[in-house]
Amino acid sequence: QVQLVESGGGLVQAGGSLRLSCAASGRTFWNYAMEWFRQAPGKEREFVAGISWSGGSTYDTDSVKGRFTISRDNANNTVYLQMNSLKPEDTAVYYCAANPVVVTRSPVYWGQGTQVTVSS
């Protein structure tokens, strides 16, 4: 089992940057593909980005391409989401998630979420 704790959310002006972190418990973090999702008020949760267990493959949704970057540090059991050029429409609760080995966009384990608010 993997426990996930997100941090780094907050309030930022449009055009600014934030880096979200997700700390994972367990000694087998490197076995898991990691994913970020977000859910805006009144909308369904959506996939944002994913990274393979090795970090060799990354995936992201069209709306964040060129602005968000997912990365991981297996030595420190942490995955990151660097968010640049933020827009008001990026406002959402951001969730970290984990799935054994591969990115599926239907992960097994979820964190509690961290709020990101982008003001115009």
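Small disclaimer: the values here were computed from a predicted structure and weren't measured.

A. Expanded view of the overall build of the chain. Of regular secondary structure, the chain possesses zero helices and eleven strands. The linear arrangement of helices and strands in the chain, starting from the amino end, is β-β-β-β-β-β-β-β-β-β-β. Taken along its principal axes, the extent of the C-alpha atoms in the chain is 40 × 25 × 25 Å. Across the 120 residues of the chain, 43% fall into the buried class.

B. Just the sheet that holds strand β7 (residues 68-73), in detail. Taken in spatial order, the four strands of this open sheet run β1-β3-β8-β7, and their pairing is antiparallel. Two strands lie at the open edges of the sheet, namely β1 (4-7) and β7, each paired on one side alone. Strand-to-strand twist of the sheet, defined as the mean angle between neighbouring strand axes without regard to direction, takes the value 15 degrees. Where β1 lies against strand β3 (residues 18-24), four bridges are found, and the strand directions are antiparallel. Its bridge partner being in β3, Glu6 is matched across the sheet by Cys22.

C. Structural context of unusual backbone geometry. Residue Asn77 is not a glycine yet carries a positive backbone phi of 50 degrees. Within the fold, Asn77 resides in the loop between β7 and β8 (78-83). Its relative accessible area of 18% is what places Asn77 among the buried residues. Not every positive phi belongs to a glycine, and Arg105 is a case in point at roughly 65 degrees. Residue position: Arg105 is located in the loop between β9 (92-100) and β10 (109-110). Using a relative accessible area of 45% as the deciding quantity, one classes Arg105 as partly exposed.

D. The arrangement of the nonpolar core in detail. Ranked by internal contacts, the top residues of the largest apolar core, which has 28 residues, are Met34, Trp36, Leu81, Met83 and Tyr94. If you list the elements that add at least two residues to this core, you get β3, β4 (32-39), β5 (46-51), β7, β8, β9 and β11 (114-119).

E. Up close: the environment of Gly111. Mapped onto the fold, Gly111 is located in the loop between β10 and β11. The spacing of Gly111 and Tyr80 is 31 residues in sequence and 13 Å in space, taken between C-alpha atoms. Excluding residues within four positions of it along the chain, Gly111 makes contact with Leu4, Glu6, Tyr95 and Cys96.

F. Geometry of a nonpolar patch on the surface. Together, Trp30, Trp53, Val101 and Val102 make up a nonpolar patch on the protein surface, roughly 400 Å² of accessible area in all. Here Val102 is to be found in the loop between β9 and β10. Among the residues examined, Val102 registers a relative accessible area of 46% and is labelled partly exposed.

Conventions used here
- Residues numbered from 1 in each chain as written.
- Predicted model: local features only at pLDDT ≥ 70, side-chain atom pairs only at ≥ 80, totals over all residues.
- Heavy atoms only, no water.
- Helix = DSSP H or I, 4+ residues; strand = E, 2+ residues; numbered from the N terminus.
- Buried < 20%, exposed > 50% of the residue type's maximum accessible area, 1.4 Å probe, protein only.
- Pairing = 2+ DSSP bridges.
- Axes fitted to C-alpha atoms, helices over the stretch in contact; angles between N-to-C directions.
- Core = buried A, V, L, I, M, F, W, Y, C linked by side-chain atoms within 4.5 Å.
- Contact = heavy atoms within 4.5 Å.
- Patch = residues over 30% accessible without salt bridge, like charges linked within 9 Å, V, L, I, M, F, W, Y side chains within 5 Å.
- Areas by Shrake-Rupley, 256 points an atom, 1.4 Å probe, with all protein chains shown as cover.
- Salt bridge = Lys/Arg side-chain N within 4 Å of Asp/Glu carboxyl O.

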